[in-house]
Amino acid sequence: MNTDTSRKLFERAVELMPGGVNSPVRAYRAVGGHPLFFQRGQGAHLVDADGNTYIDYVLSWGPLILGHANPAVVRAIGEAARDGTSFGAPCTAEIELADRLCQAMPSLERVRMVNSGTEAVMSAIRLGRAFTGRSRIIKFAGCYHGHADALLAQAGSGVATLSLPDSPGVPAGSVQDTLIARYNDIASVESLLDEYRGEVALVIVEPVAGNMGVVLPRPGFLQALRELTQAHDALLLFDEVLTGFRVGPGGAQAHYGVTPDLTTLGKVIGGGLPVGAFGGRRDIMAMLAPEGPVYQAGTLSGNPLAMRAGLATLRALEAPGTWDLLERAATAARDAIAEEAAAHGVPVQTAQVGSIFGFFFADGPVADWDHARTCDRTRYAAFFHAMLAQGVYLAPSPFEAAFVSTAHGEAEAERLRGAVRVALAG
Ligand code: PLP
């Protein structure tokens with residue numbers, strides 16, 4: 001496959017932007033080679049700068065649950081743009097989107113829109129600390145919550161891909177209140193809560209971990225987190241930036257039947273435009289300015305383009321049968337990888353929930369970051385390139401989730417299976 005145009009574009013990009021990219025994991029450092037530059041996307045497909053077509057299982061890292069350039073979303077964006085792209089003042093669409101989010105996730109009694117997942121998490125943590133009057137937070141190794149200082153400790157995904165344990169430029173003071181527990185290990189949380197009794201403001205968790213590859217919560221893990229946080233008067237924050245409207249219509253919290261105090265959202269709720277949101281209990285959200293003293297603001301927050309793209313997306317997801325379709329597509333992809341790997345004697349661990357799936361080249365079950373990091377990265381890199389050469393675009397890192405959209409049908413699943421067969425045979 002000829003990707004010379006992408007290569008040349010990348011050579012130019014590295015002269016202008018650090019690493020040639022605007023977000024590190026795009027740079028292919030984990031898999032080698034140069035990134036592809038994409039010209040356009042349509043449905044389940046992407047076309048690169050050389051005119052090659054790929055089935056896309058990255059979908060902009062999750063947001064595009066209706067696929068690329070979905071007509072309803074494109075129409076909504078066009079209409080919104082014609083009406084003015086930003087007012088810096090209230091607009092109707094933000095009420096409508098807020099209402100939909102609160103309906104879908106009853107734990108959201110109030111919500112605030114922001115512009116990215118990072119901003120949502122950063123703001124929710126400030127709020128949680130203010131509400132409890134405590135400073136410490138507990139996060140899990142391998143969970144990523146955006147690049148705010150306090151959260152760049154054992155942060156999975158891009159950070160793991162680059163093998164940076166932390167980031168220079170993050171003052172020690174910013175992470176000194178960040179305690180690290182082990183995913184799926186409730187005892188590790190319990191001992192931190194005991195050791196720092198009365199000091200922990202909140203526990204933040206990806207209810208399905210999607211930034212160390214996909215790691216599902218063990219049965220009872222999220223419930224135990226709920227009980228423990230309550231017992232210690234700490235808040236439970238579900239970071240559903242990735243899982244919200246991906247695991248199912250009510251996010252991971254509905255799927256697993258656990259009600260957090262605070263939730264962060266992003267990705268799908270903006271229909272492919274920059275967005276984030278955080279929300280939760282009314283008494284906590286009431287602390288937010290202007291109702292309360294906790295400051296948080298944004299020039300473009302709740303802007304009509306993102307709101308209307310998000311609304312169009314959430315409306316489309318309500319069509320009967322949509323969630324079954326998504327689940328089938330993700331299961332078909334997961335099965336294709338699991339079955340072909342078994343047929344070729346390649347050890348693989350797969351996971352799937354809702355419209356998300358993932359796989360590790362690893363021998364035993366993967367339950368946390370210590371397991372995940374031992375997966376066979378070299379095999380992943382070879383597999384990634386073999387798939388790319390056959391027109392299947394996966395994440396250029398073994399520590400990312402894969403996604404399907406409503407545009408991923410049986411034809412895509414069959415092509416994926418055929419490509420996996422060839423890639424694993426090679
Ligand atoms: N939280 C989770 C769980 C994420 O997966 C991500 C991004 O991948 C973020 C937060 C940060 O979101 P953003 O990239 O929009 O800042």
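Rules of the game
- Residue numbering note: each chain is counted from 1, following its sequence as written.
- For this predicted model, a pLDDT threshold of at least 70 governs which residues receive local features, and a threshold of 80 or more governs which side-chain atom pairs are given and counted, while totals over whole chains, interfaces and linings are taken from all residues.
- Think of the side-chain values as coming from all heavy atoms in the structure, minus any hydrogens and water.
- Axis definition: a line fitted to C-alpha atoms, over the contacting stretch in the case of helices. Angles run 0 to 180 degrees between N-to-C directions.
- Secondary structure counts use DSSP, requiring at least four H or I residues in a row for a helix and at least two E residues in a row for a strand, with both numbered from the N terminus.
- Note that the term roughly parallel is reserved for angles under 35 degrees, roughly antiparallel for angles over 145, roughly perpendicular for angles of 65 to 115, and oblique for everything else.
- Handedness of a crossing follows from how the near helix is turned relative to the far one, being left-handed for an anticlockwise turn of less than a right angle and right-handed for a clockwise one.
- Throughout, a residue-residue contact means that at least one pair of heavy atoms, one from each residue, lies within 4.5 Å.
- Each pair of strands is called paired provided DSSP finds at least two bridges between the two strands.
- Near residues are defined by distance, with any heavy atom within 4 Å of the molecule or strand qualifying the residue.
- Only the protein chains shown count as cover for residues, and the accessible areas themselves come from Shrake-Rupley with a 1.4 Å probe.
- The nonpolar class holds Ala, Val, Leu, Ile, Met, Phe, Trp, Tyr, Cys and Pro. Asp, Glu, Lys and Arg form the charged class, and all remaining residues, Gly among them, are polar.
- Each residue gets one of three labels from its accessible area relative to the maximum for its type: buried under 20%, exposed over 50%, partly exposed in between, using a 1.4 Å probe on protein chains only.
- Each C-beta atom gives one direction from the helix axis, and the arc is the one those directions make.
- Any N or O atom pair separated by 3.5 Å or less is treated as a polar contact, with the protein-specific requirement of one donor-capable and one acceptor-capable atom, and with residues adjacent in sequence counted only for side-chain atom pairs.
- By salt bridge we mean one thing: a side-chain nitrogen of Lys or Arg within 4 Å of a carboxyl oxygen of Asp or Glu.
- Multiplying 1.5 Å by the residue count of a helix minus one yields the expected span of that helix.

Draft legend 1. Representation of the packing of helix H3 (residues 92–104) against helix H11 (residues 304–317). Contact pair H3 / H11: the axes reach a minimum separation of 9 Å and the direction vectors enclose 40 degrees. By the criterion of interaxial angle, the relationship of H3 to H11 is oblique. Every pair of crossing elements has a handedness; the one defined by H3 and H11 is left-handed. For the pair formed by H3 and H11, the contact residues are Ala 93, Glu 94, Glu 96, Leu 97, Arg 100 and Leu 101 on the first element and Met 307, Arg 308, Gly 310, Leu 311, Leu 314 and Arg 315 on the second.

Draft legend 2. A look at the sheet that holds strand S2 (residues 45–48). What the four strands build is an open sheet, ordered S1-S2-S3-S13; its pairing is mixed. Whereas interior strands pair on both sides, the edge strands pair on one side only; in this sheet they are strand S1 (38–42) and strand S13 (392–393).

Draft legend 3. Quick peek at the site of the ligand. With respect to spatial proximity, the complete set of residues near the ligand consists of Ser 116, Gly 117, Thr 118, Tyr 144, His 145, Gly 146, Glu 206, Asn 211, Asp 239, Val 241, Leu 242 and Lys 267. A total of 390 Å² of accessible area belongs to the ligand in isolation, and the protein chains cover 82% of it. Split into classes, the residues belonging to the shell around the ligand amount to three nonpolar, six polar and three charged.

Draft legend 4. Region of interest: helix H7 (residues 186–195). Those residues of H7 not exposed but buried are Ser 188, Val 189, Leu 192 and Leu 193. Around the axis of H7, the buried residues are gathered within 130 degrees of arc, so they sit on the same side. Looking at the buried positions of H7, the neighbouring elements they touch are strand S5 (136–140), strand S6 (178–181), strand S7 (200–205) and helix H8 (221–231). The residue sitting at the N-terminus of H7 and contributing the capping side-chain oxygen is Asp 185; that oxygen lies 3.2 Å from the backbone nitrogen of Ala 187.

Draft legend 5. Region of interest: the pattern of salt bridges. Going through the model one piece at a time under the given rule, you end up with 19 salt bridges. A salt bridge links Asp 370 to Arg 182, with the nearest nitrogen and oxygen atoms 3.1 Å apart. With a gap of 188 residues between them, Asp 370 in helix H13 (residues 369–372) and Arg 182 in the loop between S6 and H7 connect regions that are remote in the sequence. Overall, the relative accessible area of 37% leaves Asp 370 in the partly exposed class. Between Asp 335 and Arg 334 there is a salt bridge, with the nearest N and O atoms lying 2.9 Å from each other. Shared partners join several salt bridges into a network, and the residues in it are Arg 182, Asp 368, Asp 370 and Arg 373.

Draft legend 6. Highlighting the packing of helix H2 (residues 71–82) against H11. At a closest axis distance of 8 Å, the pairing of H2 and H11 adopts a crossing angle of 155 degrees. The orientation of H2 with respect to H11, classified from their angle, is roughly antiparallel. Seen along the crossing, H2 lies across H11 with a hand that is right-handed. Together, Ala 72, Val 73, Ala 76, Ile 77, Glu 79, Ala 80 and Ala 81 of H2 and Pro 304, Leu 305, Arg 308, Ala 309, Ala 312 and Thr 313 of H11 make up the contact between the two elements. A breakdown of the residues in the contact of H2 with H11 according to their chemical character gives 10 nonpolar, one polar and two charged.

Draft legend 7. Looking closely at unusual backbone geometry. In the segment running from Ala 289 into Pro 290, the intervening peptide bond is cis, with an omega of 10 degrees. Position of Pro 290 among the secondary structure elements: in the loop between helix H10 (282–285) and H11. Not every positive phi belongs to a glycine, and Trp 61 is a case in point at roughly 70 degrees. If you trace the backbone, Trp 61 turns up in the loop between strand S3 (53–56) and H2. We classify Trp 61 as buried; its relative accessible area is 19%.

Draft legend 8. Here's a closer look at the side chain of Ser 6. Structurally, the position occupied by Ser 6 is in helix H1 (residues 4–16). On the basis of relative accessibility, which here comes to 0%, the residue Ser 6 falls in the buried class. With residues near it in sequence (within four places) discarded, Ser 6 still touches His 34, Pro 35, Leu 36, Phe 37, Ala 49 and Asp 50.

Draft legend 9. Structural view of H2. With 12 residues, H2 ought to run about 16 Å at 1.5 Å a step, and its terminal C-alpha atoms sit 16 Å apart, in line with that. Buried within H2 are the following residues: Val 73, Ala 76 and Ala 80. Projected onto a plane normal to the axis of H2, the buried residues spread over an arc of 60 degrees and lie on a single side. The exposed set on the far side of H2, more than 90 degrees from its buried face, consists of Pro 71, Arg 75 and Arg 82. Where H2 is buried, its residues contact H11.

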